[in-house]
Amino acid sequence: MLVTTAASSRTMPAWLQALLTEKFFNACLIHQEARKNEKNIFCLDCCTSFCPHCLPLHCSHRLLQIRRYVYHDVLRLDDAAKLIDCSSVQAYITNSAKVVFLKQRPQARQCRGSGNICCTCDRALQDPYLFCSISCKIDYILKTEGCHGGLWKYLLECNFLPLPDDPGLMTPDTVLEPVGSARTSSGSSGYGGVGCWNMACTAATDFVVRKKRTTMLACTGHFQPARERGHPACSRASDMSAGLIISRRKKTPQRAPLY
């Protein structure tokens, strides 16, 4: 893990030192009551992080969006490559975009295998990568070439760094269903036969509450006038409701097979 010292502050720019030591995704103190108030944007000119609601105060500055991948801070590889040489840093793919980890990740135990490992924290890597995060690469450069100012060879000059057009930066509110929906309470679309179908659903609800025998007799008596008036739709609904109650009888429970 990169340690901030007086020597490191002289061998790296202020924005990079602040980027590696900043804690992101904490609630913004200015917009505590607002939604989406996590501090996930870093300003290279102010060397601080802020939430999307503070964006108008930094619209003309160089900005870097911080993302989350497996509960750790990551940068888009395209954004990070504009500021620092990210070669030999293992990249991952999330949401169809390549990302690199910003800081060293804690691990339960050190890797003792014979495969490829990180030169700083010994985390297992894929070939031909040498570092698991940007912090690990910077830490390694400071230990091996820091006294000669070797870090500046890996830093790139970037005078313009806007935020990408990412809709995930500010998630809109949930779109509610229009109030003037044509659907009825039974889920039908409001066309022919709705009255008989709603009456059948009401009768089926009563069947569940009462005893089966009494309910079936009541169902038959309830729809008898409809049959006498010659409404076949109501007759079919009555038969369907009665069949629904019969099918609700208890059956022998079937257990899942044990493996």
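Residues numbered from 1 in each chain as written. Predicted model: local features only at pLDDT ≥ 70, side-chain atom pairs only at ≥ 80, totals over all residues. Heavy atoms only, no water.

- Where an unreviewed UniProt entry is consulted, the protein appears under the name B box-type domain-containing protein, with the organism given as Trapa incisa.

## What about the overall build of the protein?
Now for step 1: Within the protein, the secondary structure is distributed over seven helices and seven strands.
Now for step 2: Within the protein, buried positions represent 36% of all 259 residues.
Now for step 3: Pairs at least 24 residues apart make up 50% of the contacts formed inside the protein by residues separated by at least 6 positions.
Now for step 4: For the protein, the computed accessible surface area is about 17,000 Å², with 55% contributed by carbon and sulfur atoms. (Helix = DSSP H or I, 4+ residues; strand = E, 2+ residues; numbered from the N terminus. Buried < 20%, exposed > 50% of the residue type's maximum accessible area, 1.4 Å probe, protein only. Contact = heavy atoms within 4.5 Å. Areas by Shrake-Rupley, 256 points an atom, 1.4 Å probe, with all protein chains shown as cover.)

## Describing the packing of aromatic side chains
Now for step 1: Counted according to the given criterion, the structure contains five aromatic pairs.
Now for step 2: Centre to centre, the rings of Phe131 and Tyr140 are 5.4 Å apart; their planes meet at 55°, and the pair counts as tilted.
Now for step 3: Judged by relative accessible area, Phe131 falls into the buried class, the value being 5%.
Now for step 4: Residue classification places Tyr140 among the partly exposed positions, given a relative accessible area of 35%.
Now for step 5: An aromatic cluster is present here, built from Tyr69, Tyr92 and Phe101 joined pairwise through their rings.
Now for step 6: Residue placement shows Arg68 over the ring face of Phe25; its charged tip is 5.1 Å from the ring centre.
Now for step 7: Directly above the ring of Phe101 sits Arg105, whose terminal nitrogen or CZ lies 3.8 Å from the centroid. (Phe/Tyr/Trp six-rings, centres within 6.5 Å; stacked < 30°, edge-to-face > 60°. Lys NZ or Arg CZ within 6 Å of the ring centre and 35° of its normal.)

## Structural notes on helix α4 (residues 134-145)
Now for step 1: Taking 1.5 Å of rise per residue, the twelve residues of α4 would be expected to cover 16 Å, and the 16 Å separating its terminal C-alpha atoms lies within 8% of that figure.
Now for step 2: Buried within α4 are the following residues: Ile134, Ser135, Cys136, Lys137, Ile138, Asp139, Ile141 and Leu142. (Expected span 1.5 Å × (residues − 1).)

## Let's talk about the environment of Leu44
Now for step 1: Position of Leu44 among the secondary structure elements: in the loop between β1 (41-43) and β2 (48-50).
Now for step 2: Note on Leu44: relative accessible area 3%, which makes it buried.
Now for step 3: Here the alpha-carbon distance between Leu44 and Ala18, two residues 26 residues apart in the chain, equals 8.7 Å.
Now for step 4: Non-local contacts of Leu44, meaning those with residues more than four positions away in its chain, are made with Trp15, Arg62, Leu64, Leu83 and Leu161.

## Some details on the sheet that holds strand β3 (residues 63-65)
Now for step 1: Ordered in space as β2-β1-β3, the three strands form an open sheet in which the pairing is antiparallel. Only two strands of the sheet have a single partner each, and these edge strands are β2 and β3. Within this sheet the neighbouring strands show an average axis-to-axis angle of 30°, counted without direction.
Now for step 2: Strand direction decides the pairing type here: β1 and β2, joined by three bridges, are antiparallel. (Pairing = 2+ DSSP bridges. Axes fitted to C-alpha atoms, helices over the stretch in contact; angles between N-to-C directions.)

## Brief notes about the pairing of strand β5 (residues 72-76)
Now for step 1: Inspection of the sheet shows strand β4 (residues 67-69) paired to β5 by three bridges, in the antiparallel sense. Each bridged residue has a counterpart across the sheet, and for Arg67 the counterpart in β5 is Val74.
Now for step 2: Between the end of β4 and the start of β5, which pair antiparallel, lie two residues, with Val70 showing a positive phi angle near 45°.
Now for step 3: Pairing analysis gives three bridges linking β5 to strand β7 (residues 97-101), with the strands arranged antiparallel. When the sheet's bridge partners are listed, Leu75 is paired in β7 with Val100.

## Here we look at the sheet that holds strand β6 (residues 92-94)
Now for step 1: Read from one edge to the other, the open sheet built from four strands follows the order β4-β5-β7-β6, with strand pairing classed as antiparallel. Bordering the open sheet on either side are β4 and β6, each of which pairs with just one other strand. The average undirected angle you get between the axes of adjacent strands in this sheet is 55°.

## Regarding the environment of Thr21
Now for step 1: As for its placement among the helices and strands, Thr21 is situated in helix α2 (residues 14-21).
Now for step 2: Given the relative accessible area of 42%, Thr21 is considered partly exposed.
Now for step 3: A polar side-chain atom of Thr21 sits 2.8 Å from the main-chain carbonyl oxygen of Gln17. (Polar contact = N/O pair within 3.5 Å; in protein donor to acceptor, adjacent residues only side chain to side chain.)

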